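# Descriptive structure summary
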2 protein chains.
Amino acid sequence: MTGIRRNRATLHDVAKAAGVGTTTVSRVINGGRYVAPEMLARIQRVMAELDYQPNEAARSLKSERSRTIGLIIPSITDPFFAQFAAVAEVHARRQDYVVILLTSQDKAQFELDDLQIFERHRIDGLLFVPPRSGTKALLQNLRRLSVPIVSFDRPIAGREFSSVTSDNYTAALNAVRHLLDHGRKRILCLGGDPNLYTIRERVRGATSALTAAGREALVEMDASEYQAAEAAIMKHMSAKGKVDAIFGLYNQSTILAYEVLQNRKIPMPERVSLIGFDDFALAGTLRPSITVVKQSIEELARTATQLLLNHMAGEITAPQQIEIASRLVVRQSCGCPKAG
Amino acid sequence: MTGIRRNRATLHDVAKAAGVGTTTVSRVINGGRYVAPEMLARIQRVMAELDYQPNEAARSLKSERSRTIGLIIPSITDPFFAQFAAVAEVHARRQDYVVILLTSQDKAQFELDDLQIFERHRIDGLLFVPPRSGTKALLQNLRRLSVPIVSFDRPIAGREFSSVTSDNYTAALNAVRHLLDHGRKRILCLGGDPNLYTIRERVRGATSALTAAGREALVEMDASEYQAAEAAIMKHMSAKGKVDAIFGLYNQSTILAYEVLQNRKIPMPERVSLIGFDDFALAGTLRPSITVVKQSIEELARTATQLLLNHMAGEITAPQQIEIASRLVVRQSCGCPKAG
DNA sequence: CTGTTAGCGCATTCAT
DNA sequence: ATGAATGCGCTAACAG
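My aim in this report is to walk through the structure given alongside it, one point at a time.

About the criteria used
- Residues numbered from 1 in each chain as written.
- Chains lettered and ligands numbered in written order.
- Predicted model: local features only at pLDDT ≥ 70, side-chain atom pairs only at ≥ 80, totals over all residues.
- Heavy atoms only, no water.
- Near = heavy atom within 4 Å.
- Polar contact = N/O pair within 3.5 Å; in protein donor to acceptor, adjacent residues only side chain to side chain.
- Nonpolar A, V, L, I, M, F, W, Y, C, P; charged D, E, K, R; others polar.
- Contact = heavy atoms within 4.5 Å.
- Buried area = accessible area lost by both parts, 1.4 Å probe.
- Salt bridge = Lys/Arg side-chain N within 4 Å of Asp/Glu carboxyl O.
- Helix = DSSP H or I, 4+ residues; strand = E, 2+ residues; numbered from the N terminus.
- Buried < 20%, exposed > 50% of the residue type's maximum accessible area, 1.4 Å probe, protein only.
- Pairing = 2+ DSSP bridges.
- Axes fitted to C-alpha atoms, helices over the stretch in contact; angles between N-to-C directions.

Around DNA strand D, 25 residues are found, and the nearest of them are L11 and Y52 of chain A together with T23, T24 and K62 of chain B. Put simply, 58% of the atoms of DNA strand D that lie within 4 Å of the protein are in sugar or phosphate. Within the side chain of T23 of chain A, an N or O atom sits 3.2 Å from a base nitrogen of DNA strand D. Looking at side-chain class alone, the surface near DNA strand D contains 11 nonpolar, 10 polar and four charged residues.

Bringing the interface of chain B and chain A into the picture now. Chain B puts 71 residues into the contact, and the matching count from chain A is 70 residues. Taken together, the two surfaces of chain B and chain A that pack against each other cover about 5900 Å², and 55% of this comes from carbon and sulfur. Linking chain B with chain A are six salt bridges. Between E119 of chain A and R8 of chain B there is a salt bridge, with its nearest N and O atoms 3.5 Å apart. Applying the counting criterion to the chain B and chain A interface returns 24 residue pairs in polar contact (both at pLDDT 80 or more).

Once that is clear, we can look at the protein's contact with DNA strand C. The immediate surroundings of DNA strand C are formed by 24 residues, with T23 and K62 of chain A together with L11, Y52 and R59 of chain B found nearest. In the interface set of DNA strand C, defined as its atoms within 4 Å of the protein, sugar plus phosphate atoms amount to 57%. At 2.4 Å from a phosphate oxygen of DNA strand C is found a side-chain nitrogen or oxygen belonging to Y52 of chain B. Here a phosphate oxygen of DNA strand C sits 2.6 Å away from a polar atom, N or O, in the side chain of R59 of chain B.

Another point: the pattern of salt bridges. In a structure, side chains of opposite charge can pair up when their charged atoms sit close to one another. The final tally for this structure, using the stated rule, is 37 salt bridges over all chains. Where D106 of chain A meets R154 of chain A, a salt bridge forms, and the shortest distance between an N and an O atom there is 3.0 Å. Here R154 of chain A lies in the loop between β4 (149-152) and β5 (162-166) and D106 of chain A lies in the loop between β2 (98-103) and α6 (108-121), a separation of 48 residues in the sequence. Judged by its relative accessible area of 5%, R154 of chain A is buried. Across the salt bridge formed by E298 of chain B and R302 of chain B, the nearest N and O atoms sit 3.0 Å from each other. With E298 of chain B and R302 of chain B both in helix α12 (residues 297-312) and four residues apart, this pair spans about one turn of that helix. According to the relative accessible area criterion, R302 of chain B is partly exposed, its value standing at 31%. Through salt bridges that share partners, D106, R132, D153, R154 and D193 of chain A make up one connected network.

Judged by pairing direction, the sheet is mixed, and its 12 strands sit side by side in the order β11(A)-β5(A)-β4(A)-β3(A)-β1(A)-β2(A)-β2(B)-β1(B)-β3(B)-β4(B)-β5(B)-β11(B) without closing on themselves. Single-partner strands in this sheet number two, and they are β11 (321-324) of chain A together with β11 (321-324) of chain B. Each strand axis lies, on average, 20° off the axis of its neighbour in the sheet, ignoring direction. Here strand β1 (residues 68-73) of chain B pairs with strand β3 (residues 125-128) of chain B via four bridges, running parallel. Note on β3 of chain B: the bridge partner recorded for I72 of chain B is F128 of chain B.

Below, the structure written as structure tokens:
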């Protein structure tokens, strides 16, 4: 539907109609302090009558605050980032900020483009997921923005900006320990982009646990497609030291591992047990249900947003690196005798 | 990280540094028409040197266009709406629009709040999912916005605004026919909020198919929790005319139906077959895999966004009601002898 | 407590 | 093809 923009009432119109100066009306808009109660009531009534809505562009131009927070995530269809966006929106809104959403497809160039758009829109703060490979250009552009910034899920090299991440290392270490405690000896870490900070940390954690237990760290990164996952798994199944457990480094590889084991009729968890990093819908519904490392997305997101808002309010000035603990959600696929 | 806002270069600074008037610089920003080639190059160089980025607030104030599109969806964590948001963002961006995301929790009051926020930000167009119950206040506020509007997934009463929806009625009708073709005689339609347009249409379509076939329409709307779904299903399983098929009216009820049948060890699809409305991750991975009605979300979203952009460009003025066809994705749960 | 005034940065007549 | 001048709607001194 198309609509002709009517003549909207301006602050001046309100002032005139109420028989007061513009300052007073402006004060009412901004909380009504130092305004006589009757005056305030009158002006509010006039504003309602005229359907007055302040023009944010004008406010922004004058006040140098756009009441806007920029959000850059790789993709909004990834449930992990979607939940981040959801939480950020809610908390930002509580402080009268509005979220402008831009996605980066995890591409460095897109991310730079996004930053430029945000520069033009003069956002007051930025929440963002850094691209796989942080370039020097990225750092430059972040500085140029000259607003508070908090990175999410992955830190930015240099500790120059605040970040909120999961305890990928520790969580992976604990997950693998859990498999070792089940008596598993040959554990395959499967899948994930090795350029990703989170994946690298998880591999590092898993490797730590394995070497500490005197076990070999088996890692196959290429498992983003069913074929590749199957090849990787079957390679290790037919080797002399057959694997007896798989640690899925992220959602996709966990699900593919599950499918491969199902299709190959390899008993799970009896013959091969499975733990995945990241919970997912239906992880508890599949048979066997899948044991996973569950990140506290809500807490991650809330922490990041609050930290940003604190920075924006000037309450915190030094950059902070915050890590949020994940927990193991024990289901059936690891070998624990639990119900689904 | 906190940052002090540096003195950003303004259009005036650029003009001065380039030794030209502000008009010429403004022309360069807006496409560079009617500017001598050398001049254009020089100004662009100066802009780059000064890291000049136009202030959108000022442009908006002056031009009455914010280069902003408002997007209201019930929730960003719902994969259906997330994909809508993703597609909208991409297409909006191509036309140099930025998307401001607001969620409504499917609450009428939130939606009104969202509209007010958008009114202040002077969005140039609105994409939105109407709340369950459209009030007259909603219509008023939509009109007051006085910008092009396209509703998504659900129409707005009155055909006053454009809408893009799925062919819920027809798709449901076809799905139930498919079950009837399999020789199923007692089909239970399960779950969904009866206040939702989409659900009502699906029930209507299913009912149509059933009555046309001389079958009774069995409908149980209360199945949003496992307990309720189980009670509803088992009630119809133990009745004298046992159900032999279930039509899940939306994701959640389909999944719950699947779980109930699994837990009760009711052979699927032999004893009871299942079709769900809406595809979902792992629908093809579960055993048996689930046959679903798959909406063309990408097409829905693209159509809605393009329609809005067309309205905004003034290329289309009359409101349009567009319906996008869904298709049946045949897997195992309906009884078809297909591989998973 | 309240009004007057002066820009914020830009797009746009209107000249030239 | 270019420049000077005006004002978009609002906030923030400042004066009262």
